[in-house]
Amino acid sequence: QVHLVESGGGLVQPGASLRLSCAYSGRTMSVYRMGWFRQAPGKDREFVARVNWVDNSEAYADSVKGRFTISRDNAKNTIYLQMNSLKPEDTAMYYCAATHDPTSLSTEALKYADWGQGTQVTVSS
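Residues numbered from 1 in each chain as written. Predicted model: local features only at pLDDT ≥ 70, side-chain atom pairs only at ≥ 80, totals over all residues. Heavy atoms only, no water.

Visitor: For this particular structure, what's the right way to read the overall build of the protein?
Guide: Each helix and strand counted, the protein has zero helices and eleven strands in total. The C-alpha radius of gyration of the protein comes to 14 Å, within 12% of the 14 Å expected for a compact globule of 125 residues. Out of the 125 residues belonging to the protein, those deemed buried represent 44%. A separation threshold of at least 6 residues defines the contact pool for the protein, and within that pool the share at least 24 residues apart is 58%. Of the accessible surface of the protein, which amounts to about 6400 Å², a share of 49% is contributed by carbon and sulfur atoms. Counting 13 positive and 12 negative side-chain charges, the protein places the averaged centre of each group 2 Å from the other. (Helix = DSSP H or I, 4+ residues; strand = E, 2+ residues; numbered from the N terminus. Rg over C-alpha atoms; globule rule 2.2 N^0.38 Å. Buried < 20%, exposed > 50% of the residue type's maximum accessible area, 1.4 Å probe, protein only. Contact = heavy atoms within 4.5 Å. Areas by Shrake-Rupley, 256 points an atom, 1.4 Å probe, with all protein chains shown as cover. Lys, Arg positive; Asp, Glu negative; His and termini not counted. Charge placed at Lys NZ, Arg CZ, Asp CG, Glu CD.)

Following this line, the structure appears as structure tokens:
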């Protein structure tokens, strides 16, 4: 099992930036991919971004492409989600997750075995 702890959420105005962090520990040798998901009240959990560990390739949801960037710092055992030009519709609880399954699709939340507790992002004027 991989232990994940998110941080960095908060209340910001539209157009602002935030950087979320996700510290990981535990059974990380078998991790294939880590991703960020978000869930707004009354909505399903949705894919935001992911990074594959084997080649550091990235992928993003269309709604955040060009505004969000996922990155990984091996020395700090942390992945980040840099969020720029935030919009009210970005308001949600943000979760990081890890999957050990190389056959899974990036967007399949059910294929991610390990999850953090989440960090709240609220974008409002």
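Structure shown, so let's carry the discussion forward.
Visitor: What is the right way to read the state of the cysteines from this model?
Guide: By definition, a disulfide is the covalent link that joins the sulfur atoms of two cysteine residues. Per the stated rule, a full pass over the model turns up one disulfide. A sulfur-sulfur distance of 1.9 Å marks the disulfide that ties Cys22 to Cys96. Between Cys22 and Cys96, the disulfide has an S-S torsion of 50° and is therefore right-handed. Placement of the pair is Cys22 in strand 3 (residues 18-26) and Cys96 in strand 9 (residues 92-99), with a sequence separation of 74 residues. The same class applies to Cys22 as to Cys96, namely buried. (Disulfide = S-S within 2.5 Å.)

Visitor: Honestly, the nonpolar core in this entry has me stumped. Any pointers?
Guide: It is characteristic of soluble globular proteins that their nonpolar side chains tend to be buried jointly. With 34 residues, the main nonpolar core has Met34, Trp36, Leu81, Met83 and Tyr94 as its most contacted residues. Secondary-structure elements contributing two or more residues to this core are strand 1 (2-7), strand 3, strand 4 (33-39), strand 5 (46-52), strand 7 (68-73), strand 8 (78-83), strand 9 and strand 11 (119-123). With near-sequence residues (within four places) excluded, Tyr94 lies in contact with Glu6, Leu20, Trp36, Phe37, Arg38, Val48, Phe68, Leu81, Met83, Gly118, Thr119 and Val121. (Core = buried A, V, L, I, M, F, W, Y, C linked by side-chain atoms within 4.5 Å.)

Visitor: For this particular structure, what's the right way to read the environment of Arg33?
Guide: Positionally, Arg33 belongs in strand 4. The sequence separation of Arg33 and Pro102 amounts to 69 residues, and the corresponding C-alpha distance is 7.8 Å. Aside from chain neighbours lying at most four places away, what touches Arg33 is Arg50, Val51, Asn52, Trp53, Ala97, Ala98, Thr99, Asp101, Ser104, Leu105, Ser106 and Tyr112. Within polar-contact distance, the side chain of Arg33 engages the side chain of Asn52 at 2.7 Å. A polar contact of 3.1 Å, which involves the side chain of Arg33, links it to the side chain of Ser104. (Polar contact = N/O pair within 3.5 Å; in protein donor to acceptor, adjacent residues only side chain to side chain.)

Visitor: How do you make sense of the sheet that holds strand 3 when you look at a structure like this?
Guide: Whether parallel or antiparallel, the strands of a sheet pair through hydrogen bonds between backbone atoms. Taken together, four strands build an open sheet; the order of strands is 1-3-8-7 and the sheet is antiparallel. The open sheet terminates on both sides in strands that have one partner only, identified here as strand 1 and strand 7. Within the sheet, the average angular offset between the axes of one strand and its neighbour, ignoring direction, is 20°. As paired strands, strand 7 and strand 8 are joined by six bridges and run antiparallel to one another. Bridge pairing in strand 8 links Ile70 to Leu81. (Pairing = 2+ DSSP bridges. Axes fitted to C-alpha atoms, helices over the stretch in contact; angles between N-to-C directions.)

None of the figures reported here should be taken as evidence of function without further support.
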